[in-house]
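# Geometric and topological summary
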Amino acid sequence: QLELVESGGGSVHPGASLRLSCTGSGRPFEIYQVAWFRQAPGKDREYIASLNWSGRDIKYADSAKGRFTISRDNAKSTAYLQINNLEPDDTAVYYCAATGVALVTRALSDYRFWGQGTQVTVSA
């Protein structure tokens, strides 16, 4: 079982930046594709970005291009989501997820392993 633990969330003002981390344990982290999703109150879980095991193949949701950057450091068994210029609409619980699917995928149903989420709140 791959266990994922997110960290780095918090309460910030509009315009701030955050770097979320997702650390894996229990299985070799480097073999898994990793993605970030978020879920705002009353809304469905939303895809943000994903990257393959090497970090060379990356996809973003159209809404995430420009302010979000996904990356990983397999030596630390950790993936990251950098969010710049945060907006109130970014308020959500942010989840990382992992899958053994080879091709980079946006589909929530493809992801087998999930973290517990980290809260990001953006308000003036």
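Everything that follows concerns the structure shown earlier in this document.
The sections below set out a description of the structure shown in this document.

Cut-offs used in this document
- Residues numbered from 1 in each chain as written.
- Predicted model: local features only at pLDDT ≥ 70, side-chain atom pairs only at ≥ 80, totals over all residues.
- Heavy atoms only, no water.
- Buried < 20%, exposed > 50% of the residue type's maximum accessible area, 1.4 Å probe, protein only.
- Helix = DSSP H or I, 4+ residues; strand = E, 2+ residues; numbered from the N terminus.
- Pairing = 2+ DSSP bridges.
- Polar contact = N/O pair within 3.5 Å; in protein donor to acceptor, adjacent residues only side chain to side chain.
- Contact = heavy atoms within 4.5 Å.
- Axes fitted to C-alpha atoms, helices over the stretch in contact; angles between N-to-C directions.
- Core = buried A, V, L, I, M, F, W, Y, C linked by side-chain atoms within 4.5 Å.
- Disulfide = S-S within 2.5 Å.

## Examining the pairing of strand 5 (residues 46-51)
Most of strand 5 sits inside the fold, with five of its six residues counted as buried. Two strands pair when backbone bridges link them, and strand 4 (residues 33-39) and strand 5 are joined in this way by five bridges, in the antiparallel orientation. Across the sheet, the residue bridging to Ala-35 is Ser-50, located in strand 5. As judged from the three bridges shared by strand 5 and strand 6 (residues 58-60), these two strands associate in the antiparallel manner. Counted as the bridge partner of Ser-50 is Lys-59 from strand 6. Counted between consecutive antiparallel strands, the loop separating strand 5 from strand 6 contains six residues, among which Gly-55 sits at a positive phi close to 85 degrees.

## Considering the side chain of Thr-91
Mapped onto the secondary structure, Thr-91 falls in the loop between strand 8 (78-83) and strand 9 (92-99). Side-chain polar atoms of Thr-91 contact the backbone nitrogen of Val-122, separated by 2.9 Å. Not counting chain neighbours up to four residues away, the residues in contact with Thr-91 comprise Ala-40, Pro-41, Gln-119, Val-120, Thr-121 and Val-122.

## Considerations on the pairing of strand 11 (residues 118-122)
By the alternation rule, side chains of strand 11 split into Thr-118, Val-120 and Val-122, which are all buried, and Gln-119 and Thr-121, of which none is buried. By the bridge criterion, three bridges tie strand 2 (residues 10-12) to strand 11 in an arrangement that is parallel. By the bridge assignment, Gly-10 is partnered in strand 11 with Val-120. Examined bridge by bridge, strand 9 and strand 11 share three bridges and lie antiparallel to one another. Its bridge partner being in strand 11, Ala-92 is matched across the sheet by Val-120.

## Side note on the sheet that holds strand 3 (residues 18-25)
On the basis of which strands lie adjacent, the open sheet formed by four strands has the order 1-3-8-7 and antiparallel pairing. Two strands in the sheet have a free side with no partner beyond their single neighbour: strand 1 (3-7) and strand 7 (68-73). Going from strand to strand, the sheet's axes swing by 20 degrees on average, the running direction of each strand aside. Pairing geometry for strand 1 and strand 3, over five bridges, is antiparallel. Looking at strand 3, one finds that Ser-7 is bridged to Ser-21.

## Here's the deal with the nonpolar core
With 35 residues, the main nonpolar core has Leu-4, Trp-36, Ile-48, Leu-81 and Tyr-94 as its most contacted residues. Counting only elements with at least two residues in this core, the list comes to strand 3, strand 4, strand 5, strand 7, strand 8, strand 9 and strand 11. It is strand 9 that contributes the most residues to this core, five residues altogether.

## With respect to the state of the cysteines
Counted by the stated rule, this structure contains one disulfide. The residue that forms a disulfide with Cys-22 is Cys-96, at a sulfur-sulfur distance of 2.0 Å. Across the S-S bond linking Cys-22 and Cys-96, the dihedral sits near 60 degrees, which makes this disulfide right-handed. Taken as a pair, Cys-22 in strand 3 and Cys-96 in strand 9 lie far apart in primary sequence, 74 residues in all. On the basis of relative accessibility, which here comes to 0%, the residue Cys-22 falls in the buried class. In this structure Cys-96 comes out as buried when scored by relative accessible area, which is 0%.

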